[in-house]
Amino acid sequence: MTNSGAPQPGATIVQYAAQTADGTQQFFVPGSQVVVQAATGDMPTYQIRTPTTALPQGVVMAASPGTLHSPQQLAEEATRKRELRLMKNREAARECRRKKKEYVKCLENRVAVLENQNKTLIEELKALKDLYCHKAE
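Residues numbered from 1 in each chain as written. Predicted model: local features only at pLDDT ≥ 70, side-chain atom pairs only at ≥ 80, totals over all residues. Heavy atoms only, no water.

1. Overview of the overall build of the chain
Move 1: Helix and strand content of the chain: 1 helix and 5 strands.
Move 2: Of the regular secondary structure in the chain, the N- to C-terminal order runs β-β-β-β-β-α.
Move 3: Here the chain holds 137 residues, and the buried ones make up 9% of them.
Move 4: Of all intrachain contacts in the chain linking residues separated by at least 6 positions in sequence, the fraction that spans at least 24 positions is 35%.
Move 5: Surface accessibility of the chain: about 11,900 Å² in total, with carbon and sulfur atoms responsible for 57%. (Helix = DSSP H or I, 4+ residues; strand = E, 2+ residues; numbered from the N terminus. Buried < 20%, exposed > 50% of the residue type's maximum accessible area, 1.4 Å probe, protein only. Contact = heavy atoms within 4.5 Å. Areas by Shrake-Rupley, 256 points an atom, 1.4 Å probe, with all protein chains shown as cover.)

2. Brief notes about the pattern of salt bridges
Side chains that differ in sign of charge can pair as their charged atoms come close.
Move 1: Enumeration over the complete set of coordinates arrives at 3 salt bridges.
Move 2: Measuring nitrogen to oxygen at the nearest pair gives 2.5 Å for the salt bridge that ties Glu95 to Arg98. A residue pair is termed a helical-turn pair when its members lie 3 or 4 positions apart in one helix, as Glu95 and Arg98 do in helix H1 (residues 71-136) at 3 residues.
Move 3: Judged by its relative accessible area of 32%, Glu95 is partly exposed.
Move 4: Residue Arg98 is classed as partly exposed on the basis of its relative accessible area of 41%.
Move 5: Between Glu102 and Arg98 there is a salt bridge, and its shortest N-O distance comes to 3.1 Å. (Salt bridge = Lys/Arg side-chain N within 4 Å of Asp/Glu carboxyl O.)

3. Structural notes on the confidence of the model for the chain
Move 1: Put simply, the chain has an average pLDDT of 74, and 50% of its residues get 70 or more.
Move 2: Confidence scores differ between elements of the chain, with strand S5 (residues 59-62) showing the lowest mean pLDDT of 46 and H1 the highest of 95.
Move 3: For residues 55-63, every residue scores under 50 in pLDDT, and the model assigns this stretch 26 contacts once sequence neighbours within four places are set aside. (pLDDT = per-residue confidence, 0-100.)

Dropping the structure here:
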């Protein structure tokens, strides 16, 4: 099914859907057409047809488990998503701290190497100065 933004000629637009107390979904469509379930599986598929039975105009009952949830299910889903997000954030923060420690260690090692190199260069400079001063005399 594609959606180009504008309805195609002859297409029916579902105005809204509601869920009844028994968990059945109601699809409200304009005109004298009805929504019927065309396939079952992981993703239910629906077709819009002309009614063959005496249903109230514009109202169709269709089973669609898992598409609309009760407020409690929505709250549980939000809590689950929040906990998952917090867990991922904790892992990311832990990894960030680990990388920062590694970076600081590399910087400390570089400082030590550069200090040794500086010390060596200072000693070499002193030696060359002493050598130059003694030759000049």
